[in-house]
Amino acid sequence: MARTTDMTIPDLTGKLAVVTGASDGIGQVIAARLARAGAEVIMPVRTPAKGESAAARIRSQVPGATVTTRALDLSSLDSVAALADQLNSEDRAIDILVNNAGVMTPPSHQTTKDGFELQFGTNHLGHFALTLGLLSLLKAGGARVTHQTSIAARSGEINWADLNWETGYDVMKAYSQSKIAVALFARELDARSRAAGWGISSNVSHPGVSPTNLLAAQPGMGREKETGGRRMIRVLSRFGITGTVAGAALPAVMAATDPASRGDRFYGPKRTMGGPPVLLKQPWPTMRSMDDARRLWEESERLVGVRFTA
């Protein structure tokens, strides 16, 4: 029987939160929990109908909640720029940004609309560009930015010689790279904020393992049915060996809202695959090099171009 876990969230009335990947799964739980605590929540989504359906579910669960959607395709820098321009024109300080959206293991080497390997381009570069595009609003809110990595980032490395895996493509190594990059970006964002006095705190969370839609059928990237791994995780979740989707959302919620939370900290489930959310003692070895973090920032600025430089 699956274990359940929960946590107390402080009052977020008057706060504005932006949560990517909130149209289903962990992201939808994160958005709902923030809304229940009183935050106004913006959900940037790739599929408008799916996003509005998710927002309506949250509003039905949380009477009086203010939850809206915006268009965002993280695999397109034009789409990222359009959302950044829209939110900047609205001129609302952002208090919480949760970079949660992601893609995992396409069945073949695929690229974003800008020619980047799909996982690296979506999971890291899309969020990198979005965060820098919203930097003035994050500064205005003294924001906390939480970046969702993965247990796949416990091993692997950044393929500096071929960030887009144009030769020797290994889908899981590319996925691990993308999630290591997420964490390195989080750490460097916090370091630059402290050095420059931006007032932003940036931290990292990981959800453990749960039966989310990352491994479900994804016809848009050529996966016509769910993977065997997802079926196995669903069974393990029922027996409490891995986490539930609701529980897997809580490390990010803690990272984004806990009054004791600070920048450059790492949150996850107490047991690596599941359990109550806790502050972890230190980043995994793949995430520890600040030289790598600085190098990644510089490479990412070069790749995404002048529109998204700090």
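All figures in this text were calculated on a predicted structure; none of them were measured in a lab.

Rules behind the numbers
- Residues numbered from 1 in each chain as written.
- Predicted model: local features only at pLDDT ≥ 70, side-chain atom pairs only at ≥ 80, totals over all residues.
- Heavy atoms only, no water.
- Helix = DSSP H or I, 4+ residues; strand = E, 2+ residues; numbered from the N terminus.
- Phe/Tyr/Trp six-rings, centres within 6.5 Å; stacked < 30°, edge-to-face > 60°.
- Buried < 20%, exposed > 50% of the residue type's maximum accessible area, 1.4 Å probe, protein only.
- Expected span 1.5 Å × (residues − 1).
- Polar contact = N/O pair within 3.5 Å; in protein donor to acceptor, adjacent residues only side chain to side chain.
- Salt bridge = Lys/Arg side-chain N within 4 Å of Asp/Glu carboxyl O.
- Core = buried A, V, L, I, M, F, W, Y, C linked by side-chain atoms within 4.5 Å.
- Contact = heavy atoms within 4.5 Å.
- Pairing = 2+ DSSP bridges.
- Axes fitted to C-alpha atoms, helices over the stretch in contact; angles between N-to-C directions.

Participant: Account for unusual backbone geometry, with residues named and values stated.
Facilitator: Phi is positive for Asp91, close to 55 degrees, though the residue is something other than glycine. Even without being a glycine, Trp165 presents a positive backbone phi close to 50 degrees. Turning to its location among the elements, Trp165 is positioned in the loop between strand E5 (144-148) and helix H6 (171-196).

Participant: Outline the packing of aromatic side chains, supporting the account with residue identities and numerical values.
Facilitator: Summed over the entire model, instances satisfying the criterion amount to four aromatic pairs. With 5.6 Å between their ring centres and 50 degrees between their planes, Phe185 and Trp297 make a pair best called tilted. Pair noted here: Phe185 is in helix H6 and Trp297 is in helix H10 (residues 290-304), with a separation of 112 residues, a long-range link. Trp297 carries the same exposure label as Phe185, and that label is buried. Between Phe266 and Trp284, the aromatic rings sit 4.9 Å apart at their centres with planes inclined by 85 degrees, giving edge-to-face as the arrangement.

Participant: Please provide a residue-by-residue account of H6, values included.
Facilitator: Between its first and last C-alpha atoms H6 spans 37 Å; for 26 residues at 1.5 Å apiece the expected length is 38 Å, and the two agree. A distance of 3.1 Å separates the backbone nitrogen of Met172 from a side-chain oxygen at the start of H6, and that oxygen is part of Asp170. Looking at the residues trailing H6, positive phi occurs at Gly197, about 70 degrees.

Participant: Tell me about the pattern of salt bridges, and name the residues and values.
Facilitator: For the structure on display, the rule yields eleven salt bridges. The closest approach of N and O atoms between Glu40 and Arg92, which form a salt bridge, is 3.0 Å. With a gap of 52 residues between them, Glu40 in strand E2 (residues 40-45) and Arg92 in the loop between helix H3 (77-90) and strand E4 (96-99) connect regions that are remote in the sequence. The residue Asp78 makes a salt bridge to Arg307 at a minimum N-O spacing of 3.1 Å. You can see Asp78 sitting in helix H3 and its partner Arg307 sitting in the segment after H10, a full 229 residues away along the chain. Note on Arg307: relative accessible area 44%, which makes it partly exposed.

Participant: Tell me what's going on with the nonpolar core, and back it up with residues and numbers.
Facilitator: Val80, Ile94, Phe120, Leu134, Leu138, Val304 and Phe308 are the most contacted members of the largest nonpolar core, which has 51 residues in total. Sorting the residues of this core by element identifies strand E1 (16-19), H3, helix H4 (118-133), helix H5 (135-141), H6 and H10 as the ones contributing at least two each. Sorting elements by how many residues they give to this core places H6 first, with seven residues. Setting aside residues no more than four positions away along its own chain, Ile94 makes contact with Leu16, Val18, Leu134, Leu137, Leu138, Gly141 and Ala143. Counting residues in each nonpolar core, the second largest holds 34 residues, with Leu12, Ala31, Val98 and Val253 among its members.

Participant: Before we move on, can you summarise the sheet that holds strand E6 (residues 201-205) with the specific residues and values?
Facilitator: Spatially, the eight strands line up as an open sheet ordered E3-E2-E1-E4-E5-E6-E7-E8, and their pairing is mixed. On the outer flanks of this sheet lie strand E3 (67-71) and strand E8 (274-279), each paired with one strand and no other. Strand-to-strand, the axes of this sheet are offset by a mean angle of 25 degrees, without reference to chain direction. For E4 and E5, the ladder comprises four bridges, and the chain directions are parallel. If you follow Ile96 over to E5, its bridge partner there is Arg144.

Participant: Tell me about the pairing of E8, and name the residues and values.
Facilitator: Direction of pairing for strand E7 (residues 266-271) relative to E8: antiparallel, over a ladder of four bridges. Residue pairing in the sheet places Tyr267 in a bridge with Leu279 of E8.

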